[in-house]
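# Observations on chain architecture
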Amino acid sequence: MPQSAAPALRENRVTAKVLILNGPGLADSGTGITLDELERACADSCADVGLAMEFRHTDDENRLLAWLAGDSAGFDGIIVNPGPSARCAMTSRASYVAAIAGLKTPLIEVHLHNIYKDTNAAADGSRQIGGDIGLVCGFGTSGYRLALQSMARKTARPIVREST
Amino acid sequence: MRKTTTVHVINGPNLNLLGTREPGIYGSDTLDEIATRCSTAGERLGLHVTFLQSNHEGQIVDWIQQATGRADVIIINAAALTHTSIAIHDALRNFDGLKIELHISNPHVREWFRHVSYVSTAVDAVVAGLGPDGYELVIGSIHELMASA
């Protein structure tokens, strides 16, 4: 059987998968948007930018931390809103720092409100943890869309070439 | 006739070196390339974008003052002045339009001296650590942000 001189190439673009975590108090945050509506909005944003997503919510902070520390490796990007009761960035809270420091996966922290508006929070004592950790706050629920648009760029994958 | 939304993007010290300075932290895009992308994004959305950079605190204060009556939105990357300038803080407080603080890297995961922001307490929203793409992504969010303000 004659063989072709060069094998045919088939190109696959691997869809990046993002984990969207939502923490305590978000359901009652007074934004006028329900968690279901937020999940749908995130799904729409993901469809627009070509991402797959898994959307989770918990009112148990320990569960949120366990997801952050334990499940991140299975995803290409993480978006986390620790919840309105958090009141400050994850990067300045020891329990969160333990979960996210050293993470190889890009992470973007989203807060509906500007958590740094309070002058007392301005010097937040956060640590030099490095990493690809972004912050979006004060955009309301639009912050998720902005974060997902950014995550699509951060996780942009090369085309995987396979021989057939 | 619908008034065009005007956005002033104000950049602080050392951002003129973008593309050559610490690309591992700040990326390889130059500020001119970012400015072009912002203008293009703005045109697509019916926004008029003015892109400014200075290494001098007083010039930045002047630009913020001049934005009153001329701009609807200020996007400010005050760079290192973020962590030192109460003058910029005060000037921002005096501007009535929408104010967004932007950083290419996330100062809160870097050295301790970057963890204070005098800008954050005078703005409506903060974006950091989205890389150079952050500029055009924020511009893309302005209509939604103004609608909910």
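Every value quoted in this text rests on a predicted model; they were computed, and no experiment measured them.

## Some words on the overall build of chain A
Of the regular secondary structure elements, chain A holds four helices and seven strands. Going from the N terminus to the C terminus, chain A shows its helices and strands as β-β-α-β-α-β-α-β-β-α-β. Counting all 164 residues of chain A, 45% fall into the buried class. A separation of at least 24 residues holds for 80% of the contacts in chain A among residues at least 6 apart in sequence. Carbon together with sulfur atoms contributes 48% to the accessible area of chain A, which is approximately 8000 Å² in total.

## Remarks on helix α1 (residues 35-49) of chain A
All names here are of chain A. Here α1 contains 15 residues, and its C-alpha end-to-end distance of 21 Å stays within 8% of the 21 Å for a straight helix at 1.5 Å per residue. For α1, the secondary structure elements touched by its buried residues are β2 (17-22), β3 (52-57) and α4 (142-154). Phi turns positive, to about 75°, at G50, one or two residues after α1.

## Observations concerning the packing of α1(A) against α4(A)
Residues and elements named next belong to chain A. Contact pair α1 / α4: the axes reach a minimum separation of 9 Å and the direction vectors enclose 30°. With respect to each other, α1 and α4 are oriented roughly parallel. As for the relative orientation of α1 and α4, their crossing is right-handed in sense. Here L38, C42, S45, C46, D48 and V49 of α1 lie close against α4, whose contacting residues are Y144, R145, L148, Q149 and A152.

## Describing the confidence of the model for chain A
Confidence in the prediction for chain A averages 85 pLDDT; 80% of positions are at 70 or higher. Note that pLDDT drops below 50 for residues 159-164 of chain A; the model gives that stretch 19 contacts with residues more than four away or on any other chain.

## Quick notes on the interface of chain B and chain A
Frequently, the measure chosen for interface size is the accessible area that the parts lose on association. With 28 residues of chain B at the contact, the number on the chain A side is 32 residues. Together chain B and chain A conceal approximately 2400 Å² of surface at their shared face, both sides included; 55% is due to carbon and sulfur atoms. Taken together, chain B and chain A are joined by two salt bridges. In this structure, the connection of chain B to chain A is made through twelve residue pairs in polar contact (both at pLDDT 80 or more). Classifying every residue of the side of chain B that touches chain A gives 13 nonpolar, eight polar and seven charged. For strand β6 (residues 133-137) of chain A and strand β5 (residues 125-128) of chain B, the ladder comprises three bridges, and the chain directions are antiparallel.

## Notes on helix α5 (residues 133-148) of chain B
Residues and elements named next belong to chain B. With 16 residues, α5 should cover 22 Å at 1.5 Å per step; its first-to-last C-alpha distance of 23 Å lies within 8% of that length. Roughly 45° is the biggest bend found in α5, and it falls at I142. Residues D133, G134, Y135, E136, L137, V138, I139, S141, I142 and L145 constitute the buried set of α5.

## Side note on the packing of aromatic side chains
Geometry of an aromatic ring pair is reported as the spacing of the ring centres plus the angle between the planes. Enumeration according to the criterion identifies two aromatic pairs over all chains in this entry. Measuring from centroid to centroid gives 5.8 Å for B:F51 and B:Y135, while their planes differ by 50°, and the two rings are tilted. Here B:F51, found in strand β2 (residues 47-53), pairs with B:Y135, found in helix α5; they are 84 residues apart in sequence, far enough to count as distant. A centroid spacing of 5.5 Å and a plane angle of 80° characterise the contact between B:W112 and B:F113, whose relative ring orientation is edge-to-face. Directly above the aromatic system of A:W67 lies the positively charged group of A:R56, at a separation of 5.2 Å from the ring centroid.

## Let's talk about unusual backbone geometry
Glycine aside, the phi torsion of most residues is negative, and most peptide linkages are trans. All names here are of chain B. The backbone of N14 sits at a positive phi, close to 75°, despite the residue not being glycine. Tracing the chain through its elements places N14 in the loop between β1 (5-11) and α1 (23-26). Under the relative-accessibility criterion, N14 is labelled partly exposed at 34%. One non-glycine residue, E22, lies in positive phi territory at about 40°. Here E22 is to be found in the loop between β1 and α1. With a relative accessible area of 41%, E22 lands in the partly exposed category.

## Overview of the environment of A:L51
All names here are of chain A. Note that L51 resides in the loop between α1 and β3. Overall, the relative accessible area of 10% leaves L51 in the buried class. Along the sequence, L51 and L148 sit 97 residues apart, while their C-alpha atoms lie 8.2 Å from each other. Residues contacting L51, with those up to four places away along its chain left out, are T15, A16, V18, C46, L148, M151, A152 and T155.

Each value, and the rule that gives it
- Residues numbered from 1 in each chain as written.
- Chains lettered and ligands numbered in written order.
- Predicted model: local features only at pLDDT ≥ 70, side-chain atom pairs only at ≥ 80, totals over all residues.
- Heavy atoms only, no water.
- Helix = DSSP H or I, 4+ residues; strand = E, 2+ residues; numbered from the N terminus.
- Buried < 20%, exposed > 50% of the residue type's maximum accessible area, 1.4 Å probe, protein only.
- Contact = heavy atoms within 4.5 Å.
- Areas by Shrake-Rupley, 256 points an atom, 1.4 Å probe, with all protein chains shown as cover.
- Expected span 1.5 Å × (residues − 1).
- Axes fitted to C-alpha atoms, helices over the stretch in contact; angles between N-to-C directions.
- Parallel < 35°, antiparallel > 145°, perpendicular 65-115°, else oblique.
- Left-handed = near helix turned anticlockwise from the far one by under 90°.
- pLDDT = per-residue confidence, 0-100.
- Buried area = accessible area lost by both parts, 1.4 Å probe.
- Salt bridge = Lys/Arg side-chain N within 4 Å of Asp/Glu carboxyl O.
- Polar contact = N/O pair within 3.5 Å; in protein donor to acceptor, adjacent residues only side chain to side chain.
- Nonpolar A, V, L, I, M, F, W, Y, C, P; charged D, E, K, R; others polar.
- Pairing = 2+ DSSP bridges.
- Bend = angle between axes of the 7 residues up to and from the residue.
- Phe/Tyr/Trp six-rings, centres within 6.5 Å; stacked < 30°, edge-to-face > 60°.
- Lys NZ or Arg CZ within 6 Å of the ring centre and 35° of its normal.

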